[in-house]
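The primary structure of each chain is shown beneath.
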Amino acid sequence: MEPGAPRSLWIYSSLGMRGCSSPLGLTTGDVLDWQISASSSYPATWDAGCQVKYARLHQPNGRAWCAGRRAAGEWVLVNLGVPAKVTGVLTQGKGDDEEWVTSFELSYSLDAYHWHFARDIYNNKKTVLNGLRSVGDGTTATQRRPSLTAQSLLAKVKTSLDAPPSPGC
């Protein structure tokens, strides 16, 4: 079994200031490890750097959430603790390998029971958000227009890119 597509998230808000944004807790540590869950995770006994708690930006190389399966539909759930205005999401691939999410759907909730898909600017259809496109991207910002208010966010992988095996492996 090989690791799934690792990824890290940064959820941010404009806090009412045009053009400014600040993190909502994943990078600052205000969102605690128990507030992050996932559909599956690569066993820590096989790779200690692949744990749900590492679904945060700017982890040391080799640390990221790695899904237990390489499949669309894997997800990361973040409970922010309180309702917050969300204006965007950043994604990042695994720092020591060429593995990252290329697209995902974002769902949100105020009570963790009633969920809504992030929709296009006309509020007509659920949107598929872009993740990284190449290893040189580092991180990719996904702006939400309009913003949304949520206490819980669920990022569901649509597509990902995994590094091809090295020659001779």
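Residues numbered from 1 in each chain as written. Predicted model: local features only at pLDDT ≥ 70, side-chain atom pairs only at ≥ 80, totals over all residues. Heavy atoms only, no water.

Visitor: Give me the overall build of the chain: which residues, what numbers.
Guide: Each helix and strand in the chain was counted, giving zero helices and eight strands. In the chain, the succession of α and β elements from N to C terminus is β-β-β-β-β-β-β-β. Burial analysis of the chain (169 residues in total) assigns 46% to the buried set. In the chain, of all internal contacts separated by at least 6 residues, the share reaching a separation of at least 24 is 75%. Surface exposure of the chain reaches about 8,800 Å², of which carbon and sulfur atoms provide 53%. (Helix = DSSP H or I, 4+ residues; strand = E, 2+ residues; numbered from the N terminus. Buried < 20%, exposed > 50% of the residue type's maximum accessible area, 1.4 Å probe, protein only. Contact = heavy atoms within 4.5 Å. Areas by Shrake-Rupley, 256 points an atom, 1.4 Å probe, with all protein chains shown as cover.)

Visitor: Before we move on, could you go through unusual backbone geometry and cite the residues and values that matter?
Guide: The backbone of Ala 112 sits at a positive phi, close to 65°, despite the residue not being glycine. Secondary-structure assignment places Ala 112 in the loop between strand S5 (100-109) and strand S6 (115-117). Relative accessible area serves as the criterion here: at 43%, Ala 112 is assigned to the partly exposed category.

Visitor: Can you explain the state of the cysteines? Please cite residues and give values.
Guide: Taken as a whole, this structure holds one disulfide when the rule is applied. One disulfide bridge connects Cys 50 with Cys 66, the sulfur atoms lying 2.1 Å from each other. What sets the handedness of the Cys 50 and Cys 66 disulfide is the S-S torsion sign, and at about -55° it is left-handed. Here Cys 50, found in the loop between strand S3 (36-38) and strand S4 (75-92), pairs with Cys 66, found in the loop between S3 and S4; they are 16 residues apart in sequence, far enough to count as distant. (Disulfide = S-S within 2.5 Å.)

Visitor: Could you give me a rundown of the pairing of S5, with the residues and numbers involved?
Guide: Burial analysis of S5 places nine of its 10 residues in the buried class, which makes it a mostly covered element. Bridging between S5 and S6 involves three bridges; their strand directions are antiparallel. The residue bridging Ser 107 from the neighbouring strand is Phe 117, located in S6. Between the end of S5 and the start of S6, which pair antiparallel, lie five residues, with Ala 112 showing a positive phi angle near 65°. (Pairing = 2+ DSSP bridges.)

Visitor: Can you lay out the confidence of the model for the chain for me, pointing to particular residues and giving the numbers?
Guide: Of the residues in the chain, 69% reach a pLDDT of 70 or more, and the chain-wide mean stands at 74. Confidence, read as mean pLDDT per element, is least for strand S1 (residues 8-13) in the chain (48) and greatest for S3 (93). Within the model, the stretch residues 1-8 combines pLDDT values under 50 with 48 contacts to residues more than four positions away or in other chains. With pLDDT under 50 throughout, residues 12-18 is counted as low confidence; its partners more than four residues away or in other chains account for 25 contacts. (pLDDT = per-residue confidence, 0-100.)

Visitor: I'd like a rundown of the nonpolar core, residues and numbers included.
Guide: Ranked by internal contacts, the top residues of the largest apolar core, which has 25 residues, are Ile 36, Trp 65, Leu 80, Leu 106 and Leu 153. When contributions to this core are tallied by element, the ones reaching two or more residues are S3, S4, S5 and strand S8 (139-161). If you tally residues by element for this core, the top one is S4, at six residues. (Core = buried A, V, L, I, M, F, W, Y, C linked by side-chain atoms within 4.5 Å.)

Visitor: Lay out the pattern of salt bridges in plain terms, naming residues and giving numbers.
Guide: In a structure, side chains of opposite charge can pair up when their charged atoms sit close to one another. Counted by the stated rule, this structure contains three salt bridges. One salt bridge connects Arg 56 with Asp 33, and the closest N-O pair in it is separated by 3.0 Å. Separated by 23 residues along the polypeptide, Arg 56 in the loop between S3 and S4 and Asp 33 in the loop between strand S2 (22-23) and S3 bring together distant segments of the chain. (Salt bridge = Lys/Arg side-chain N within 4 Å of Asp/Glu carboxyl O.)

Visitor: Explain the packing of aromatic side chains to me, and be specific about the residues and the numbers.
Guide: In this structure the tally under the stated criterion is one aromatic pair. Ring centres 5.7 Å apart and planes at 70° place the aromatic pair Tyr 42 and Trp 46 in the edge-to-face group. (Phe/Tyr/Trp six-rings, centres within 6.5 Å; stacked < 30°, edge-to-face > 60°.)

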